[in-house]
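Observations on chain architecture
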Amino acid sequence: MADWTPRGAHLIAGEWVGGGDTFRSSPAHGDAHEFSVGTTALVERAAEAAEAAFPAYAATSRDERAAFLERIADEIDSRGAAITRIGSSESGLPETRLEGERGRTTGQLRLFASHIRKGDYLDRRVDAALPERKPAPRPEIRMMQQPVGPVAVFGASNFPLAFSVAGGDTASALAAGCPVVVKGHSAHPGTGEIVAEAIAAAVAATGMPAGVFSLIQGGRREVGEALVTHPLIRAVGFTGSLGGGRALYDLCAARPDPIPFFGELGSVNPMFLLPEALSARGAAIAEGWAGSLTLGAGQFCTNPGISVVIGGDAAEAFAGAATAALERVTAQTMLTDGIASAYRAGRDRVAAATGVQALLTTTCDLRNATPYLYRVSGDDWLENHILGEEVFGPLGLIVTVRDAAQMLAVAQSLQGQLTATLHLDAGDHALAQRLLPVLSRKAGRLIANGYPTGVEVCDAMVHGGPYPASTNFGATSVGTLSIRRWLRPVAWQDMPEALLPDDLR
C-alpha cells in the first residue's frame, strides 16, 4: 500500500464522510492534500453512534475485545509502508523513527490485549454475607471496575502514531470497553486517516459495533470544544500544550455534569547532577544530555530541558562539554511551522530573562530547529519562575547553584513534572536522600543515572505527574495502569448470581 492516497474524509461509525469546508495539509516534504474540516454536526453524529454502540461493546468478553485490539495491530502493520511514507512526509520525522513508533503503537495494542485477558485490571472484590453478625447482619457485596462510556481522544502533534488515532489513549479505552471518538491532529491528517482505515477494517472483521470508533479530522477550535462538552462523552484523553489542555480541562469542569479530563501537558524534566557524579563523569553526562535534549528535535514531553549543578570547576567543565556536544548537532525539521515558531518564541523568552547567559546560540528559521544552551544562577532561577516553563524544542538551561541547600531549594521551587533525574555516585546518596522526598512529590517518574526520553510501555510505567505536567496526578497515559482512567468501580449487593456480570460470578 505504499502508493496509498488519502480520501480527505472523516470516519463516522464505519462511514467515510466528506464535503463541506476543507483544509490543506502542510507536509515537511512531498505532496499536500485536501482534507474535510471537522464540524460540530459530525461531533453529534459520532457521539450518538458511540453511545449507541456502548451497551453492546461493554458487554463483549475480554477475549473478544483482546482479539479486536490484536486485529487493529495486524491491520496497522499490513499498512506499514504507506504509514511510514505519509507519516514521514507530513511530520518530517525520519522513516526509522516512524517505523519504531509504529512498532510501539502495535505493541501497545497487543499489550492491552494480553492485559485484559488476565482480568486483574477489574480489581474484583467479594465480601461474603455474614447473616449472623451482631448487632446487624452484613449483606454480600461484590465489586468490579466497569467502563465509563464513550471517550474522546485528541491526537498529539509530536507522535503521529503512538499518541494519536490508535495510540495509548485509544488502545486503553477500547480495552476497557469504551467506544472512542478521536479528534485528529491537523499536522498529520493523512497518517490519521490511514490508521482509521485499519481500525475500521478491524471493526468489520471482528463484528464490533460500527460506532465503537470514529475519527473527526482537525480544523476549527469549536470541534474540540463540542467534543469535550457533548453530554454523551464521559471522559477525555489529551496530549498537548498547557494552554490548549487547560482550556479543554476548564470546559470539562464547567459542564452541568463534569467529566474527567486526562491531559498530559508536558514539563521541563529537570536533571540534578550531584557532586561526585559531576566530578567523576561530567563530560559523559553532558554528552548524554545533549543527545537526549536534541533527540527528535527536542519535541518530546520528556525532553530534559534543565540541568542543575553546584558551581565550581566540575560545573564549568560540564558546561563546556555540553556546549561542545551541542555545537555538533545540525538543524532538524520540526513537526509544524507553528511548533517551530513557538520554539523561537521560547528561546527569546529565556534569553531575555534576568541573569541568563548564552553558552551556545545558533540560527534557526522556517521549520528548522537548532540547539541553544543557556546558563543562570540559582538565585536568578528562584526569582524568575518563567525559566521553569517548558520550551518545546532542543533548548537547554544549566542552573548553577551555590551549594546543596540551594539545589534543594530549586527542587522545592519546581512545578509538577513528568520526570526528575538524579545523576549520582555512591558518595552522593546522602544528598539524594534529601532530594528524593521533594522530587517524589513533584514528578511521576524518578530516574537514576539515565535520561527521561524514551518512555517504556509496561505495567510499572507512570507517564503523568502533578499539575501542570498533567491534569490528574493519580493517572498515567502510558502503561497498563492507564486503563484505569476509563473505568469506575460498581458494587453489587445481594445480587442473584444469574444477574451478575460474567466476570463477577
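Higher on the page you've got the structure.
To start, this report covers the structure provided alongside it. What you are looking at is a predicted structure, and each value in this text was computed from that prediction instead of being measured.

Counting buried positions over the nine residues of helix α5 (residues 168-176) gives nine, a clear majority of the element. When we look at burial in α5, the residues that qualify are Gly168, Asp169, Thr170, Ala171, Ser172, Ala173, Leu174, Ala175 and Ala176. One or two positions beyond α5, positive phi appears at Gly177, with a value near 105°.

A few words on the nonpolar core. By size, the foremost hydrophobic cluster in this structure holds 96 residues, and its most contacted members are Phe213 and Phe272. For this core, the leading source of residues is helix α6 (residues 189-206), giving seven residues. Excluding residues that lie within four positions of it along the chain, Phe213 makes contacts with Leu11, Ala13, Val165, Val180, Val182, Ala196 and Ile199. Listed in part, the 23 residues of the second largest apolar core include Leu42, Val181, Leu227 and Val228.

Another aspect to go through is the layout of surface pockets. Size it by volume and the largest pocket reaches roughly 1400 Å³. The dominant element in the lining of the largest pocket, judged by the number of residues it contributes, is helix α8 (residues 242-254), at seven residues. Here the residues of the lining of the largest pocket are counted per class, giving 18 nonpolar, 24 polar and eight charged. Counted as a void, the second largest pocket has a volume near 410 Å³. As for the second largest pocket, its lining consists of 20 residues, of which Ala58, Ala59, Thr60, Gln146 and Pro501 are closest to the centre. Elements with a contribution of two residues or more to the lining of the second largest pocket: α1 (40-58), α2 (62-78) and β6 (141-147).

In this section: the packing of helix α13 (residues 404-413) against helix α14 (residues 429-442). Relative to each other, α13 and α14 sit at 10°, their axes nearing to 9 Å. Relative to α14, the element α13 lies roughly parallel. Each of Ala404, Ala405, Met407, Leu408, Ala411, Gln412 and Ser413 in α13 lies in contact with α14, whose residues at this interface are Leu431, Arg434, Leu435, Val438, Leu439 and Lys442. Of the residues assigned to the contact of α13 with α14, the class counts are nine nonpolar, two polar and two charged.

In this description, a pair of aromatic rings is defined by centroid distance and the angle of the planes. Applying the stated criterion across every chain, the model contains eleven aromatic pairs. Consider the rings of Tyr249 and Phe261, whose centres lie 6.3 Å apart with planes at 75°: the pair is edge-to-face. With Tyr249 in helix α8 and Phe261 in strand β11 (residues 261-264), this pair connects stretches of sequence that are twelve residues apart. Given the relative accessible area of 3%, Phe261 is considered buried.

Moving on to the sheet that holds strand β17 (residues 372-377). Pairing in this open sheet of seven strands is mixed, and the strands run β15-β17-β18-β13-β12-β19-β20 from one edge to the other. The outermost strands of the open sheet, each flanked by one partner alone, are β15 (357-360) and β20 (443-448). For this sheet, the mean angle separating the axes of adjacent strands, direction not counted, is 20°. Of the strands in this sheet, β17 and β18 (395-401) touch helix α11 (residues 337-351), which is tilted by about 30° from β17.

Attention shifts here to the sheet that holds β6. Backbone hydrogen bonds hold the strands of a sheet together, and the pairing may be parallel or antiparallel. Read across the open sheet, the three strands follow the order β5-β6-β21; overall the sheet is antiparallel. Whereas interior strands pair on both sides, the edge strands pair on one side only; in this sheet they are β5 (125-127) and β21 (487-493). Strand-to-strand twist across the sheet, computed as the mean angle between neighbouring axes with direction ignored, equals 25°. Bridging between β5 and β6 involves three bridges; their strand directions are antiparallel. Its bridge partner lying in β6, Arg125 is registered against Met143.

The end-to-end C-alpha distance of α6 is 26 Å, a good match for the 26 Å that 18 residues give at a rise of 1.5 Å each. Most of α6 sits inside the fold, with 13 of its 18 residues counted as buried. Gly207 lies just past α6 and shows a positive phi near 70°.

Evaluated as defined, the whole model comprises three cavities of 30 Å³ or more. What lines the largest cavity is simply Ser267, Val268, Asn303, Gly305, Ile306, Val350, Leu387, Glu389, Glu390, Val391, Leu395 and Leu397. Grouping the constituent residues of the lining of the largest cavity by class yields seven nonpolar, three polar and two charged. In this structure, the second largest cavity occupies an estimated 80 Å³ of space. If you trace the second largest cavity, you find 13 residues lining it, with Phe262, Gly263, Glu264, Ser470 and Ser477 closest to the centre. Per-element accounting of the lining of the second largest cavity gives the leading share, three residues, to β11.

Right, let's talk about the pairing of strand β13 (residues 306-310) for a bit. When you tally the buried positions in β13, you get five out of five residues, the bulk of the element. Side-chain alternation along β13 places Ile306, Val308 and Ile310 on one buried face and Ser307 and Val309 on a second face that is also buried. Note: strand β12 (residues 271-273) against β13, two bridges, orientation parallel. Bridge pairing links Met271 to Ser307 in β13. Each parallel crossover has a hand, and the one from β12 via helix α9 (residues 275-294) to β13 is right-handed. One ladder, built from five bridges, connects β13 with β18; its direction is parallel. The residue bridging Ile310 from the neighbouring strand is Val401, located in β18.

Thresholds, definitions, all that
Each residue is numbered by its place in its chain's sequence as written, counting from 1. Restriction of local features to residues with pLDDT of at least 70 applies here, the model being predicted, together with a cutoff of 80 or more for giving and counting side-chain atom pairs; totals for whole chains, interfaces and linings are based on all residues. The basis for the side-chain values is all heavy atoms of the structure; hydrogens and waters are excluded. Think of it in three bands: with a 1.4 Å probe and only protein chains considered, a residue is buried below 20% of the maximum accessible area for its type, exposed above 50%, and partly exposed in between. Put simply, DSSP marks the helices as runs of H or I at least four residues long and the strands as runs of E at least two long, and each gets a number from the N terminus on. The set of buried Ala, Val, Leu, Ile, Met, Phe, Trp, Tyr and Cys residues whose side-chain atoms join them within 4.5 Å is what this entry labels a nonpolar core. Throughout, a contact is declared for two residues whenever any of their heavy atoms are within 4.5 Å. The method works on a 1 Å grid over the protein atoms by themselves. A cavity is a set of points holding a 1.4 Å probe that cannot get out, a pocket is an open set with protein on both sides within 12 Å along at least five of seven lines, and residues with an atom within 4 Å of a point line them. Grid points are joined across faces, edges and corners, and a volume is the space filled by probe spheres set on the points. By the convention adopted, Pro, Cys, Tyr, Trp, Phe, Met, Ile, Leu, Val and Ala count as nonpolar, Lys, Arg, Asp and Glu as charged, and the other residues, Gly among them, as polar. Only the stretch in contact is used when fitting a helix axis, every axis being a line fitted to C-alpha atoms; angles between N-to-C directions are given from 0 to 180 degrees. To sort the angles, those under 35 degrees are grouped as roughly parallel, those over 145 as roughly antiparallel, those from 65 to 115 as roughly perpendicular, and the leftovers as oblique. Here the aromatic set is Phe, Tyr and Trp, taking the six-membered ring for Trp, and pairing holds for ring centres within 6.5 Å; pairs whose planes are under 30 degrees apart are stacked, those over 60 apart are edge-to-face, and all others are tilted. Two strands form a pair only when DSSP identifies at least two bridges running between them. For a helix, the expected span equals 1.5 Å multiplied by the number of residues minus one. Crossover handedness is defined by viewing with both strands directed away from the observer: a clockwise path from the first strand over the helix to the second marks the crossover as right-handed.

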